[in-house]
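Spelled out from the first residue to the last, the chains are:
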Amino acid sequence: MKLVYAIVHDEDQNNVITSLNENGFSVTKLFSTGGFLRAGNTTIIVGVADEKVDEVIEIIKQNSKSRKKVMDTAMSPGSGLNGVMLSFPLEVTVGGATIFVLDVERYEKI
Ligand code: 2BA
């Protein structure tokens, strides 16, 4: 058995979860925050048989879009020119999805 951790954009989470459920996969949704942009995203956890992992990843892939985000990067006052605050936009591409697949040592439903 595997545990699939997928970090998806908040705007995609509804379609990803609906599609996983429609295809018979149970899902847990966690509200998470990206450490770089400090913006909300969604972490989806799916416990699944080894042979179903590719199907889960394909569903996530089909429902996750990549997006450009512009982050306003400000230099701290001390590091600016003569104490002047400098700010510049930094464009990053977020997603489709970041996926981790972990081995499950033991699974029990009580
Ligand atoms: P964030 O950490 O907010 O990162 C958002 C996007 O910013 C990333 O998109 C990437 O394009 C860019 N980025 C992240 N760290 C960067 C850095 N040090 N320098 C320059 N650009 C950087 P994605 O790679 O698609 O990641 C989307 C979200 O997935 C991340 O949000 C984070 O929450 C999660 N994630 C990505 N890689 C991860 C990893 N190796 N471990 C844990 N979480 C991860």
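As the structure is a prediction and not an experimental result, all values here were calculated from the model.

Reading the values: the criteria
- Residues numbered from 1 in each chain as written.
- Predicted model: local features only at pLDDT ≥ 70, side-chain atom pairs only at ≥ 80, totals over all residues.
- Heavy atoms only, no water.
- Pairing = 2+ DSSP bridges.
- Helix = DSSP H or I, 4+ residues; strand = E, 2+ residues; numbered from the N terminus.
- Axes fitted to C-alpha atoms, helices over the stretch in contact; angles between N-to-C directions.
- Contact = heavy atoms within 4.5 Å.
- 1 Å grid on protein atoms, 1.4 Å probe; cavity = no way out; pocket = protein on both sides within 12 Å on 5 of 7 lines; lining within 4 Å.
- Points joined across faces, edges and corners; volume = space filled by probe spheres on them.
- Nonpolar A, V, L, I, M, F, W, Y, C, P; charged D, E, K, R; others polar.
- Near = heavy atom within 4 Å.
- Polar contact = N/O pair within 3.5 Å; in protein donor to acceptor, adjacent residues only side chain to side chain.
- Areas by Shrake-Rupley, 256 points an atom, 1.4 Å probe, with all protein chains shown as cover.

In this structure, what is going on with the sheet that holds strand β1 (residues 2–9)? I would like to understand it.
If you walk across this open sheet you meet the 4 strands as β2-β3-β1-β6, and the pairing is antiparallel. Of all strands in the sheet, those bounded by a partner on one side alone are β2 (28–33) and β6 (97–103). Strand-to-strand twist of the sheet, defined as the mean angle between neighbouring strand axes without regard to direction, takes the value 20°. Where β1 and strand β3 (residues 40–48) come together, 8 bridges link them in antiparallel fashion. The residue bridging histidine 9 from the neighbouring strand is asparagine 41, located in β3. With respect to the sheet, helix α1 (residues 10–22) is in contact with β1, β2 and β3, its orientation differing from that of β3 by roughly 20°. Of the strands in this sheet, β1, β3 and β6 are in contact with helix α2 (residues 53–62), which crosses β1 at around 5°.

Please explain the layout of surface pockets as it appears in this structure.
Over the atoms, a rolling probe the size of a water molecule traces out where space has been left empty. If you add up the space inside the largest pocket, you get close to 320 Å³. Lining of the largest pocket is provided by 16 residues; of these, Gly34, Leu37, Ala39, Asn41 and Val94 occupy positions nearest its centre. Secondary-structure elements contributing two or more residues to the lining of the largest pocket are β1 and β3. Sort the elements by how many residues they give to the lining of the largest pocket and β1 lands first, with 3 residues. Broken down by class, the residue content of the lining of the largest pocket amounts to 6 nonpolar, 8 polar and 2 charged.

I would appreciate a short explanation of the site of the ligand in the present structure.
Around the ligand, the structure places Ile7, Gly34, Gly35, Phe36, Leu37, Asn41, Val92, Thr93, Val94, Gly95, Thr98 and Phe100. A distance of 3.2 Å is found between an oxygen atom of the ligand and a backbone nitrogen or oxygen belonging to glycine 35. One of the side-chain N or O atoms of threonine 98 is found 3.4 Å from an oxygen atom in the ligand. Starting from 750 Å² of accessible surface for the ligand in isolation, the protein chains cover 53%. Those elements that place two or more of their residues in the shell around the ligand are β5 (87–94) and β6. If one sorts the elements of the shell around the ligand by residue count, β5 sits on top with 3 residues. Taken together, the residues that form the shell around the ligand break down as 6 nonpolar, 6 polar and no charged.

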